[in-house]
Structures are given as structure tokens and as C-alpha cells.
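Observations on the three-dimensional arrangement
Chain by chain, the residues run as shown.
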Amino acid sequence: MTKNFTDIAIQIPQVLLPRPGIDLTRWAVVACDQYTSQPAYWKQVESFVGQTPSTLHLIFPEVYLEEPDAAERIERIQEQMRAYLAQGILVPDEGFVYVERTLRRGVRRGLLACLDLEQYDYRSDSQSLIRATEGTILDRLPPRMRIRQGAPLELPHVMVLIDDPDDMVIGTVAQAKPSFRRLYDFDLMMDGGRLAGWLVADSLIQQAVVQALRALKAPQAFRQKYGLDPGVQPLLYAVGDGNHSLASAKAVWDGLKPTAAPDHPARYALVEIVNLHDSALEFEPIHRVLFNLRLPVIDSLQEYFGNRFSLTLYNSQSAYDEMVAAVNAAIRSPQLTHAFGMITAEGCGLMQVRQPASNLPAATLQRFLDHFMQRGGAEKIDYVHGDDVLKPLCGQENHAGFYLPAMSKHDLFKAVILSGALPRKTFSMGEPYEKRYYMECRRIGL
């Protein structure tokens, strides 16, 4: 059976996994783009892992991206990759990998496969089979590209969504799980839940996956599902997590392509495919934090939005729950008003913008924040998950945070099809601890 299925942009991968005897709880660490304002988290991971074999030694946690030793860190990462290969720490298996991630809200199921980067375009107006769901910040690509360029391995934290209400792709695989060889089953560090994986090497099951993906792509069924006009090109894979990592892989491949063979392994990227309708998959909001303010935020908001802007201030942090309830109620209202919360050391407030120019509150707020940062309004902006992170950061003097509501996951595909990529950091596929942990590796170079 062939490994490549160009019509649906997929390849059956060869994966590399730790040899027996490796402590998998220390091996697997969360995606590098999580906990970017919480260095204490990564220090705790470093202490727990020590010098044992771990993906921690093969990734660049983005909390450290601005440190002066970035070039040396990248060199050490690539040296460690080569060492793990030379020492036989990684052993190969060929096939899809069916994954079950046990979380507090249930078991999220996924399928590891390679996607063809030739059929991925992260531009907002893309009509490619694989598309970004959020705007791509080109300035964020070079550091990720430097890590991938010259690296012998890739480690995926990219999660790609399919809109499969009948669960024909992953559901078909799950039903056959008793016949598969289990590759791993263990507890993840730092309250990440449990991770189990099975090798899908049966050619009949592999072919069933291919046929189910082809059915999702079928133009007539695709357009009927979303009520689209003839000529609209199918969107099969929507990049839910790790868009900048996939965009970096695309950019590296584009640089190699003129002199590389058409089937060069860097043409493909290993990802986890997840069904949008998975009951354990929920969209969470991503909040914003401004560090070390240099301009008054409220005055800047009033100036930017004019008489469309209103603000209700609360006297203390004890009103936080009331503010959150008002923000989340507003997103369910048919009125043409966007609402988001602001939190500072002095208290919190409910901000509303009437007749917004954007479809989503995150877009309305982000346009202001981009303008504010261009004017030098704060030293830094970061994007954080969860109230437990947002509130302590905003409680610090001269910081300001913005609370946003979550969008419905069922609106995602149609929004991307009709309007292109959403504003960056519009949603998160779960909380940080629910993100993909690095487990499998794959060769992409010598």
C-alpha cells in the first residue's frame, strides 16, 4: 500500500519513539509555546527531568526565546537530537498512531499523520486544503525556522482539526483499537493527564481512514454542509494549535524545495488530527496582558473607539465574577456590541464597543492593542490562558489584563471558509495543561 495520498494531502508516517526502559513521564513535556509568562513552570519541569532522556532537551521553550543564549541553545538542541539517534534511544515504527489523551473533561482522541506542506497556505485568503485558523505573525517564524533548519528530527505539537460530525475518520480507528499494538500508556507530568497510543499498521484500517477523509473533502458534500456557492474550494484540515510551528516548517521546506527531491521528508510535517466534534475538545478564550504600561489604557481606549466605547468600573477585585458573567452574556446577545473585561491592581471593569467593525470581540480588542503597542503603550504584551494566570499577573502594579469570552468551536470552519484566518489568539483548544505533549519524533534530515 502506498504511503502518500496527494489528493488529501496525507502521508502514513514513520515515527520514532523512546526505546523500552525510558521513563516516559520524564520524556514527554508540554508544547513549547505554553506558560510563556510563567518561567517557574519550566524551572519545575527542568528540575523534574534532570539529565534523563526527555523531549525537554529537544525543544526550545518560548519563555526563553528572548534570552541572549538563543543560538547556543538551538545548537545544543540539534546536538542532542543527533546524540539520541546515535545512542539508539529512539526506535522506529511505521503507521498512523491512534492517541487517547485522558483529561479532566474526558478522553480526547487523535490520529498522528503527516500532512503535505505543499498543500498548506497560512495566508488569510488561502483556499488550500490545509489552512490556518488564526493570523500568522511573520516575525514569529525566524526563531522557529532556525530550530528546524539543520535539525535531524521534528517533534510535533501541532493539532489539526477536521469537521467530521459522523466521526468516520477517528471513530473508525477507535473501533478497531483492540487489534492494534499498544505503544505507550502512562501519566504525564505536571497534571497533564494520561497519554496512550496504538500503532495503526493494518492496511485495511489505513485505507478506511483515507476513504473517510476523501468523503469529507468531496466538493459537493463540502459545499452542502456549509451552504456555500459553487467554486468554493474544500477546507479539510484547519490548524487549531501550532500554526506558527507549521508555518515555520512550510517556510523551511520552501527554502529546501529548489534542490530537494520531491519526496524529501521535510516536505511533510507530523501532526495530530482531532475531530472538531470530539466531546473532550472545548475552546477556551485567550486573554491579554500588558506589562509595564507607558500610556494610560482607558484614555487610549476612549480615543481609539470614540463615542462607541463605554466603561463600567467596579471598585474591587471581588467584582471579578460579575464582570466575567457580563462579558460572557454579551457574546450570546444578538446586539451589535462587543464586550471584554479589563483587570488592573486597582480593580476591574466591563468595556463595551458598539457597532464593532469586526465579527469577534477578540478582533475588536486586538486591533486596539496592536495600535496601542505601536505607539509604545506598554513594554510587552503576552497571551495567557485561564483566570488563575490572568488575575495574579494583572494584580501587579502598572500591568493591565483583558478578559475575553470563548468562541463556539462549531463556528470555526465556516468562519475560516468565509472570512479567512481569524485574528491571532482568538481561541485555545483547551487549557495549557491540555495541550499536546511531545511524544513521537520523526526524521526530517540527516
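Everything quoted here is computed from the prediction, not taken from an experiment.

Focus on the overall build of the protein
Looking only at helices and strands, the protein has 13 helices and 23 strands in total. Taken along the three principal axes of its C-alpha coordinates, the protein extends 65 × 55 × 45 Å. Split into buried and exposed, the 446 residues of the protein put 57% on the buried side. The contacts of the protein with a sequence gap of at least 6 include a subset with a gap of at least 24, amounting to 78%.

Description of the sheet that holds strand β19 (residues 347-354)
Overall, antiparallel pairing links the 6 strands, which are arranged β17-β19-β18-β21-β16-β20 in an open sheet. Across the chains shown, the open sheet's two edge strands, defined by having one partner strand only, are β17 (309-313) and β20 (378-384). Within this sheet the neighbouring strands show an average axis-to-axis angle of 20°, counted without direction. Where strand β18 (residues 337-344) lies against strand β21 (residues 400-403), 3 bridges are found, and the strand directions are antiparallel. Bridge pairing in β21 links G341 to Y403. Packing against the sheet, helix α10 (residues 320-331) makes contact with β18, β19 and β21, and its axis sits at approximately 160° to β18.

Re the pattern of salt bridges
This structure, assessed with the given rule, holds 24 salt bridges. With a closest N to O distance of 2.9 Å, R148 and E154 form a salt bridge. For R148, a relative accessible area of 14% puts it in the buried group. Here D185 ties to R182 by a salt bridge, and the two come within 3.3 Å at their closest N and O atoms. For D185, a relative accessible area of 32% puts it in the partly exposed group. The class of R182 is exposed, set by a relative accessible area of 52%. Put simply, E118, K250, D254 and K257 are held in one network by salt bridges that share partners.

Details of the nonpolar core
With 50 residues, the main nonpolar core has W27, W42, Y184 and M439 as its most contacted residues. When residues of this core are assigned to their parent elements, the largest contribution, 5 residues, is made by helix α3 (residues 70-86). Among the nonpolar cores identified, the runner-up in size contains 48 residues, and Y98, Y120, V252 and W253 belong to it.

A word on the layout of surface pockets
Its volume calculated, the largest pocket comes out at about 1,200 Å³. Lining the largest pocket are 46 residues, with T36, E62, R140, D382 and Y383 sitting closest to its centre. Breaking the lining of the largest pocket down by element, the ones donating at least two residues are α4 (141-148), β13 (237-241), α8 (243-256) and β20. Tallied by class, the residues present in the lining of the largest pocket amount to 17 nonpolar, 13 polar and 16 charged. The computed volume of the second largest pocket comes to approximately 370 Å³. Along its surface, the second largest pocket is lined by 16 residues, and N359, L360, A415, S419 and L422 are the ones closest to its centre.

A closer look at the pairing of β13
Within β13, 5 of the 5 residues are buried, which leaves the element mostly enclosed by the surrounding structure. Note that strand β8 (residues 130-132) and β13 share 3 bridges and pair parallel. Looking at the pairing, A132 lines up with V239 of β13.

Remarks on empty space enclosed by the protein
Counted according to the given criterion, the structure contains 4 cavities of 30 Å³ or more. Taken as a whole, the largest cavity encloses approximately 400 Å³ of empty space. For the lining of the largest cavity, the secondary structure elements donating two or more residues are α4, β9 (153-154), α8 and β14 (268-275). With 4 residues, α8 is the single largest residue contributor to the lining of the largest cavity. Split into classes, the residues belonging to the lining of the largest cavity amount to 17 nonpolar, 3 polar and 4 charged.

What about the packing of helix α6 (residues 203-217) against helix α7 (residues 219-226)?
Following both chains from N to C, one finds α6 and α7 inclined at 55°, their axes separated by 5 Å at the closest point. It follows from the interaxial angle that α6 and α7 lie oblique. Listed contacts from α7 to A215, L216 and K217 of α6 are P219, A221, F222 and K225. Residue composition of the contact of α6 with α7, by class: 5 nonpolar, no polar and 2 charged.

Regarding α8
Here α8 contains 14 residues, and its C-alpha end-to-end distance of 20 Å stays within 8% of the 20 Å for a straight helix at 1.5 Å per residue. Taken across its 14 residues, α8 has 10 buried, putting it largely inside the fold. Among all positions of α8, only N243, H244, L246, A247, S248, A249, K250, A251, V252 and W253 are buried. Looking at the buried residues of α8, the elements they touch are β7 (120-121), β8, α4, β13 and β14.

Concerning unusual backbone geometry
Look at Q355: it is not a glycine, yet its phi comes out positive at around 50°. Looking at the secondary structure, you find Q355 in the loop between β19 and α11 (361-374). Given the relative accessible area of 60%, Q355 is considered exposed. Of note, K425 is a non-glycine position whose phi angle comes to about 60°, a positive value. Examined against the element boundaries, K425 turns out to sit in the loop between α13 (412-419) and β22 (428-429).

Scoring rules and cut-offs
Residues numbered from 1 in each chain as written. Predicted model: local features only at pLDDT ≥ 70, side-chain atom pairs only at ≥ 80, totals over all residues. Heavy atoms only, no water. Helix = DSSP H or I, 4+ residues; strand = E, 2+ residues; numbered from the N terminus. Buried < 20%, exposed > 50% of the residue type's maximum accessible area, 1.4 Å probe, protein only. Contact = heavy atoms within 4.5 Å. Pairing = 2+ DSSP bridges. Axes fitted to C-alpha atoms, helices over the stretch in contact; angles between N-to-C directions. Salt bridge = Lys/Arg side-chain N within 4 Å of Asp/Glu carboxyl O. Core = buried A, V, L, I, M, F, W, Y, C linked by side-chain atoms within 4.5 Å. 1 Å grid on protein atoms, 1.4 Å probe; cavity = no way out; pocket = protein on both sides within 12 Å on 5 of 7 lines; lining within 4 Å. Points joined across faces, edges and corners; volume = space filled by probe spheres on them. Nonpolar A, V, L, I, M, F, W, Y, C, P; charged D, E, K, R; others polar. Parallel < 35°, antiparallel > 145°, perpendicular 65-115°, else oblique. Expected span 1.5 Å × (residues − 1).

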